[in-house]
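Chain by chain, the residues:
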Amino acid sequence: QRDEVQNLKRVRAYDGQYPSLCVKLEAVPGIVIQPLSNLPVFVVGNTISRLEVRKVVDETILDGNDIDRVYGEEFSVPVVWTVEIEDNRRVLTLSSAVRVISSGINLSVDVGVEIVANASCAGRVIRHVGTAHSGTPFYLPLGLALACERVEVFVKPSQAEYDWSKESVLNFVPIQASGYGSVSDHSLIDWSWKETFDSSCTIPCEPSHSDASNSQTLWLSLMSLPHVENTSGTKGAELSRRNSSSCDALISIAVDSGLTLRNLLPVDLQWEIGAFV
């Protein structure tokens, strides 16, 4: 009986409370980011939260090292909090809520971004930030949306020598109630990711100048995919309902070949693709 009492003392009683986590991100100078609190660590799945961002217009150091800040632009950035289990360990990931998906088989898509400091500047400098492989989407770096700067996102196939797409597929821009543009009152400005197309389109990628033997323009198909919350269990359903107002905040751009073959006959067909010179 004494051993049973000692064993009971070793077992921690479950009180029905799940632990949560608070994450604070380090911001760039002039930007203040509010911490993310009450992030789940027990339930496996995805949760969409919003990161509150403020741009500091003026800052004064008071007595006692207190800081008096005057804020200008205030906006929220959607982020994805993911809880996974790998090798009996929980893996916690905080990522951007903007991703590029490669829908084609054996098609890898390079993703590049351009920071548009001045819309009227000549030339274009696109920086490669990652690659979306088949079955593995690429999430844009979260820091792109934390500096209050215009960002344009471009794509191209990674297996061949092609330049970036002529037009951007995503833009991070300041918006206001009446549409795009700048306003004198910066407190009215909000920043948001926007697709450059309605629901689907095709964009051209010209061959690179380094590949003189290739003169064919490659067309890529773009499609905006709806978001489906990935949660499991009773607690996961509760999280999904709690975040239902921001479920559409996850932007998914699917990139595929610009050519689609459909068989409308009641028999199977075999396709052959040949290269003609």
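Structure's up top.
The paragraphs below set out a description of the structure included in this document. Since we're looking at a predicted model, the values are computed, not measured.

Here we take up the overall build of the protein. A tally of helices and strands in the protein yields two helices and 17 strands. Across the 277 residues in the protein, those meeting the buried criterion constitute 36%. Residue pairs at least 24 apart in sequence account for 59% of intrachain contacts in the protein once pairs closer than 6 positions are excluded. Carbon and sulfur atoms make up 49% of the accessible area of the protein, which amounts to about 18,000 Å² in all.

Where side chains of opposite charge bring their charged atoms close, a pairing between them can arise. Taken as a whole and assessed by the stated rule, the structure comprises one salt bridge. Notably, a salt bridge pairs Glu206 with Lys166, separated by 3.2 Å at the nearest N-O pair. On the criterion of sequence distance, the pair formed by Glu206 in the loop between β15 (200-205) and β16 (218-225) and Lys166 in the loop between β11 (150-157) and β12 (170-176) is long-range, its members being 40 residues apart.

Once that is clear, we can look at the sheet that holds strand β5 (residues 67-86). The antiparallel open sheet is built from four strands, whose spatial order is β2-β4-β5-β6. The strands lining the two open edges of the sheet, one partner per strand, are β2 (31-33) and β6 (89-96). Within the sheet, the average angular offset between the axes of one strand and its neighbour, ignoring direction, is 35 degrees. Judged from the three bridges that link them, β2 and strand β4 (residues 45-61) form a sheet pairing that is antiparallel. Bridge pairing links Ile33 to Val53 in β4.

Here we come to the pairing of β6. Where β5 and β6 come together, eight bridges link them in antiparallel fashion. Paired with Val83 across the bridge in β6 is Leu92. From the end of β5 to the start of β6, which pair antiparallel, there are two residues, and Asp87 there has a positive phi angle of about 55 degrees.

Mapped onto the elements, Pro40 comes out in strand β3 (residues 36-40). Residues Pro40 and Ser20, spaced 20 residues apart in sequence, show a C-alpha to C-alpha distance of 4.8 Å.

So, how was this worked out
For every chain, the first residue of the written sequence is number 1, and numbering continues from 1 along that sequence. Owing to the predicted nature of the model, reporting of local features is limited to residues with pLDDT of at least 70; listing and counting of side-chain atom pairs is limited to 80 or more, with chain, interface and lining totals taken over all residues. The side-chain values count all of the structure's non-hydrogen atoms but skip hydrogen atoms and water molecules. Numbering goes from the N terminus for both helices and strands, where a helix is a DSSP run of H or I of at least four residues and a strand is a run of E of at least two. Each residue's exposure class comes from its accessible area (1.4 Å probe, protein chains only) as a fraction of the maximum for that residue type: buried when under 20%, exposed when over 50%, partly exposed otherwise. Every residue pair with non-hydrogen atoms within 4.5 Å of one another is taken to be in contact. Every accessible area reported is derived by Shrake-Rupley at a probe size of 1.4 Å, with residue values counting cover from the shown protein chains alone. Here, a salt bridge means any side-chain nitrogen of Lys or Arg that lies within 4 Å of a carboxyl oxygen of Asp or Glu. In this description, strands pair whenever DSSP reports at least two bridges between them. Inter-axis angles, ranging from 0 to 180 degrees, are taken between N-to-C directions of lines fitted to C-alpha atoms, where helices are fitted over the stretch in contact.

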